[in-house]
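The residues making up each chain are set out below.
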Amino acid sequence: MKIKTYSFNKVKSTNDIAFKKIKKQIFLGAIISNKQSHGRGRYGKKWISINGNLFMTVFFKINKKIKLKEITSINCIIIKKAISKYLNKKVIIKEPNDLLVDNKKICGILQETFFNNNNKFMVVGIGVNILDSPSIPKYQTTYINKYSKKKINKKLIFHSIKVMFEKNLNKFKN
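Here goes a summary of the coordinates provided. Please read these numbers as outputs of a predicted model, since none were measured by experiment. (Residues numbered from 1 in each chain as written. Predicted model: local features only at pLDDT ≥ 70, side-chain atom pairs only at ≥ 80, totals over all residues. Heavy atoms only, no water.)

## Examining helix 2 (residues 68–84)
In plain terms, the rule: Think of it this way: any DSSP run of H or I at least four residues long counts as a helix, any run of E at least two long counts as a strand, and we number them from the N terminus. Given a helix with a known number of residues, its expected span is that number minus one, times 1.5 Å. Burial classes follow relative accessibility: with a 1.4 Å probe on protein chains only, a residue under 20% of its type's maximum area counts as buried, one over 50% as exposed, and anything between as partly exposed. Whether two residues are in contact is decided by their heavy atoms, any of which lying within 4.5 Å being enough.
Over its 17 residues, helix 2 extends 24 Å from the first C-alpha to the last, a length consistent with the 24 Å expected when each residue adds 1.5 Å. Along helix 2, the residues classified as buried are Ile-71, Thr-72, Ile-74, Asn-75, Cys-76, Ile-78, Ile-79, Ala-82 and Ile-83. On its buried side, helix 2 packs onto strand 3 (54–62), strand 4 (92–94), strand 5 (98–101), strand 6 (104–116), strand 7 (119–128) and helix 3 (154–168).

## As for unusual backbone geometry
Note on backbone geometry: most residues besides glycine have negative phi, and most peptide bonds are trans. At the junction of Glu-95 and Pro-96, the peptide bond is cis and its omega measures out at 5° in the coordinates. Turning to its location among the elements, Pro-96 is positioned in the loop between strand 4 and strand 5. Unlike most non-glycine residues, Asp-102 shows phi in positive territory, near 55°. Checked against the element boundaries, Asp-102 lands in the loop between strand 5 and strand 6. The phi dihedral of Asn-103 is positive, around 60°, even though this residue is not glycine. Within the secondary structure, Asn-103 is located in the loop between strand 5 and strand 6. On the basis of relative accessibility, which here comes to 68%, the residue Asn-103 falls in the exposed class.

## Let's talk about a positive patch on the surface
Rule in force here: Only residues above 30% relative accessible area that lack a salt bridge enter a patch, with like-charged residues linked at up to 9 Å and the nonpolar side chains Val, Leu, Ile, Met, Phe, Trp and Tyr linked at up to 5 Å. In these tables, accessible area is a Shrake-Rupley quantity obtained with a 1.4 Å probe, and a residue counts as shielded only by the protein chains included in the view. Salt bridge, as used here, is a side-chain nitrogen of Lys or Arg placed within 4 Å of a carboxyl oxygen of Asp or Glu. In this count, Lys and Arg are taken as positive residues and Asp and Glu as negative ones, while His and the chain termini are left out. Lys charges are placed at NZ, Arg charges at CZ, Asp charges at CG and Glu charges at CD.
Together, Lys-12, Lys-20, Lys-23 and Lys-24 give the surface a local cluster of positive charge. Mapped onto the secondary structure, Lys-20 falls in helix 1 (residues 14–23).

## What about helix 1?
Residues lying three or four places apart along an α-helix face the same way, a consequence of the helix completing one turn every 3.6 residues. Under the convention used in this document: As used in this structure description, the phrase polar contact means that two N or O atoms lie within 3.5 Å; if the pair is within protein, one of them must be able to donate a hydrogen and the other to accept it, and residues adjacent in sequence are counted only when both atoms belong to side chains.
With respect to burial, helix 1 is a largely interior element, 7 of its 10 residues being buried. Taken residue by residue, helix 1 has Thr-14, Asn-15, Ile-17, Ala-18, Phe-19, Lys-21 and Ile-22 as its buried positions. In the core, the buried residues of helix 1 are packed alongside strand 1 (5–11), strand 2 (28–36), strand 3, strand 6 and strand 7. Its side-chain oxygen placed 3.2 Å from the backbone nitrogen of Asn-15, Ser-13 serves as the N-cap of helix 1. Looking one or two places after helix 1, you find Gln-25, whose phi comes out positive at around 70°.

## Brief notes about the side chain of Lys-120
Relative to the elements of secondary structure, Lys-120 occurs in strand 7. Those residues in contact with Lys-120 that lie beyond four places of it in its chain are Phe-60, Lys-61, Ile-62, Asn-63, Lys-64, Ile-66, Thr-113, Phe-114 and Phe-115.

## Things to note about the sheet that holds strand 4
As a reminder, the rule being used: Being paired, for any two strands, means DSSP has found at least two bridges between them. Angles here are taken between N-to-C directions and fall from 0 to 180 degrees, while the axes themselves are lines fitted to C-alpha atoms, restricted in helices to the stretch in contact.
Across the sheet, which stays open at both edges, the 7 strands sit in the order 1-2-3-7-6-5-4 with mixed pairing between neighbours. Two strands in the sheet have a free side with no partner beyond their single neighbour: strand 1 and strand 4. Ignoring which end each strand starts from, the neighbouring axes of this sheet average 20° apart. Note: strand 6 against strand 7, 10 bridges, orientation antiparallel. Bridge pairing in strand 7 places Ile-109 opposite Ile-126. Contacting strand 3, strand 4, strand 5, strand 6 and strand 7, helix 2 crosses the sheet at an angle of about 135° to strand 6.

Here's what the structure looks like:
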């Protein structure tokens with residue numbers, strides 16, 4: 001199934017836009033923004049949004065009985081496959097939802113479930129360091145272009161992730 005793209009120049013949070021779309025009865029989509037002023041990570045941590053990196057959210061309806069741990073695993077594998085083909089290093093999943101290269105964070109994933117009209121939705125916020133990575137005390141980060149054979153841009157990574165979700169949406173219906 002095709003996922004419609006919603007593009008923005010600047011948002012507070014791509015996940016927040018997804019929640020608004022669901023409330024407007026749009027049940028499947030992908031949000032991308034050039035800038036994100038209030039991106040967030042797990043436990044309310046701030047996601048540092050550096051210009052040129054990817055800030056996106058994919059949202060879709062899921063089976064109410066599917067376990068969060070199973071969804072988390074599927075999401076991480078989808079995103080890992082989507083970005084791995086552009087890197088000359090191995091991408092590792094650091095549970096529950098980070099992707100690492102050389103033990104450095106290259107991608108963060110924030111999953112949020114949302115109920116609307118007796119339906120359950122998965123909102124998957126994805127931040128991928130492409131051109132640069134933030135300097136975070138006690139946590140090393142890196143970026144895709146440091147490990148790629150050719151220069152990669154956020155549109156390419158966005159498309160790759162979106163296509164992988166399109167191919168795997170049926171896994172969330174079980």
